[in-house]
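Each chain, written out:
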Amino acid sequence: MVTRQRHIAHLHLHAAPTEPRYDDVIELMSGVTPHVQAVPPDAVQLDLTSALRYFDLSPYDVVQLAKMRLKGLYGIDSSAGLAGNRMLAAMAADASAPGDTTWVPAGEAADWLGPRPVTALPGIGRTTAEMLRRYGLHTIGQVVDLPAGTLQRLLGAGPARLLAERARGHDPRPVTPSEPAAQLVADQVLPQDCLDPAQHHRAVLGLADRIGGRLRGERQTAGRLTLTVRYADRSSTTRTRALPEPTNHSPALASAALGLLDALGLQRARVRAFVIRADALLPADSSYRQLSLDSGDARARAAEAAADRARRRFGPEAVRPAALAD
């Protein structure tokens, strides 16, 4: 049985992005490989193994492609490490000059690691580093050359075994994409206690639009919405409604959310904040949707997809519902 060699890239972003922009980076990297793991706040790891045949490029060139996409679409500079596992890739990225890529081929890992300081290994804290230094162990190569029994007497069996594995460049951890969230929440605290029903309407409409955009961005649908209204006296009211079908279509979500708002009959209530929670989430490609003979529905969804693309490129405020326009 032939084991396919892994190629893991670690991209260090030179400026920690905002949370929405970091989500955009993860989505962008998913266009290079489906195996993307977030390393917040300013890094991301990619398993390029399955992407090499698709792009018909070397691992190094695929990394350059990913870096160029980051720079071209979001203006983000990055340094990168490329190696056979996650630990080595991260260490190679740390060793890279700004904008550069360090590649540690599988057959050269031991030579690359040998002269590096032992503190470059992950998990080596100040106490362990001081202990090793007292016994003249300054480099990773010196740790590798030390008899296993001696290392165990210094550190104990468990820590010694782990350090020896890392010093030899071993790291079995896979690149694991983040699990989808169990629910999505959007909230808005009003600038001041608000009595105006029109402002209440605008706030809930804006939250429903935000939830819809996040659902589509994560390729999920929601089967249930919950609206919580918080009042000036710190009390609150919560209402939940199951949706007719799982959806990430903002008008459908807005209709349900506004229905919950109307059912509360707030009248002249002094409202301080609104919270919308979407749950009963499902992957969008496994959710059913009733077929519609209304051509307007297809046009609305096409326009929504175009608006999402514009927001990803120009920011979340690039396209907004007309009812929310200033």
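Rules of the game
- Residues numbered from 1 in each chain as written.
- Predicted model: local features only at pLDDT ≥ 70, side-chain atom pairs only at ≥ 80, totals over all residues.
- Heavy atoms only, no water.
- Phe/Tyr/Trp six-rings, centres within 6.5 Å; stacked < 30°, edge-to-face > 60°.
- Helix = DSSP H or I, 4+ residues; strand = E, 2+ residues; numbered from the N terminus.
- Lys NZ or Arg CZ within 6 Å of the ring centre and 35° of its normal.
- Salt bridge = Lys/Arg side-chain N within 4 Å of Asp/Glu carboxyl O.
- Buried < 20%, exposed > 50% of the residue type's maximum accessible area, 1.4 Å probe, protein only.
- Pairing = 2+ DSSP bridges.
- Axes fitted to C-alpha atoms, helices over the stretch in contact; angles between N-to-C directions.
- Contact = heavy atoms within 4.5 Å.
- Parallel < 35°, antiparallel > 145°, perpendicular 65-115°, else oblique.
- Left-handed = near helix turned anticlockwise from the far one by under 90°.
- Nonpolar A, V, L, I, M, F, W, Y, C, P; charged D, E, K, R; others polar.
- Core = buried A, V, L, I, M, F, W, Y, C linked by side-chain atoms within 4.5 Å.
- Polar contact = N/O pair within 3.5 Å; in protein donor to acceptor, adjacent residues only side chain to side chain.

Tallied over the full model, the rule gives two aromatic pairs. For the pair Y60 and W103, a centre-to-centre distance of 6.4 Å together with 20 degrees between the ring planes defines the contact as stacked. In this pair, Y60 sits in helix α3 (residues 59-74) while W103 sits in strand β5 (residues 101-103), placing the two residues 43 residues apart along the sequence. The ring centre of W112 lies 4.5 Å from the NZ or CZ of R116, which sits over that ring.

A word on the pattern of salt bridges. Following the criterion strictly, the structure yields eight salt bridges and no others. Residue K71 pairs with D77 through a salt bridge whose shortest N-O separation is 3.2 Å. What makes D77 partly exposed here is its relative accessible area of 38%. In this structure, D193 engages R272 in a salt bridge whose closest nitrogen and oxygen atoms are separated by 3.9 Å. Of this pair, D193 sits in strand β6 (residues 184-194) while R272 sits in strand β9 (residues 271-279), and the two are 79 residues apart along the sequence. Using a relative accessible area of 31% as the deciding quantity, one classes D193 as partly exposed.

Our next topic: the sheet that holds strand β3 (residues 43-47). The strand order across the open sheet formed by five strands is β2-β3-β1-β4-β5, and the pairing between neighbours is mixed. Every other strand in the sheet has two partners, leaving β2 (36-39) and β5 as the edge strands with one partner each. When the angles between neighbouring strand axes are averaged without regard to direction, this sheet yields 15 degrees. Direction of pairing for β2 relative to β3: antiparallel, over a ladder of four bridges. Across the sheet, Q37 pairs through a bridge with Q45, a residue of β3. In the packing of helix α1 (residues 19-29) onto the sheet, contacts are made with β1 (8-13), β2 and β3, and the angle to β2 comes to roughly 155 degrees.

It is the contact of α1 with α3, at a shortest axis distance of 11 Å, that shows an interaxial angle of 135 degrees. When the axis of α1 is compared with that of α3, the two are oblique. Helix-helix and strand crossings are classified by hand; for α1 and α3 the assignment is right-handed. Contact with α1, carried on its side by R21, D24, V25, L28 and M29, involves A66, R69, L70, L73 and Y74 of α3 and no other residues of that element. Split by residue class, the contact of α1 with α3 holds seven nonpolar, no polar and three charged.

Quick look at the nonpolar core now. Within the largest apolar cluster, 32 residues are counted, with the highest numbers of intra-cluster contacts made by L225, L227, L266, F274 and I276. Every element with two or more residues in this core is listed here: β6, α10 (197-217), β7 (220-231), α11 (250-264) and β9. Here this core gets eight residues from one element, more than from any other, and that element is α11. Not counting residues within four places of it along the chain, the set of residues in contact with L227 comprises V204, T237, T238, R239, A257, L260, L261, L264, F274, V275 and I276. Core analysis: the next-biggest nonpolar cluster, separate from the first, contains 28 residues, L88, A92, W112 and V175 among them.

Note that H10 resides in strand β1. Using a relative accessible area of 8% as the deciding quantity, one classes H10 as buried. At 2.8 Å, the side chain of H10 forms a polar contact with the side chain of Q45. The residues contacting H10, other than those within four sequence positions of it, are V39, A43, V44, Q45, S79, A80, G81, A89, A90 and A93.

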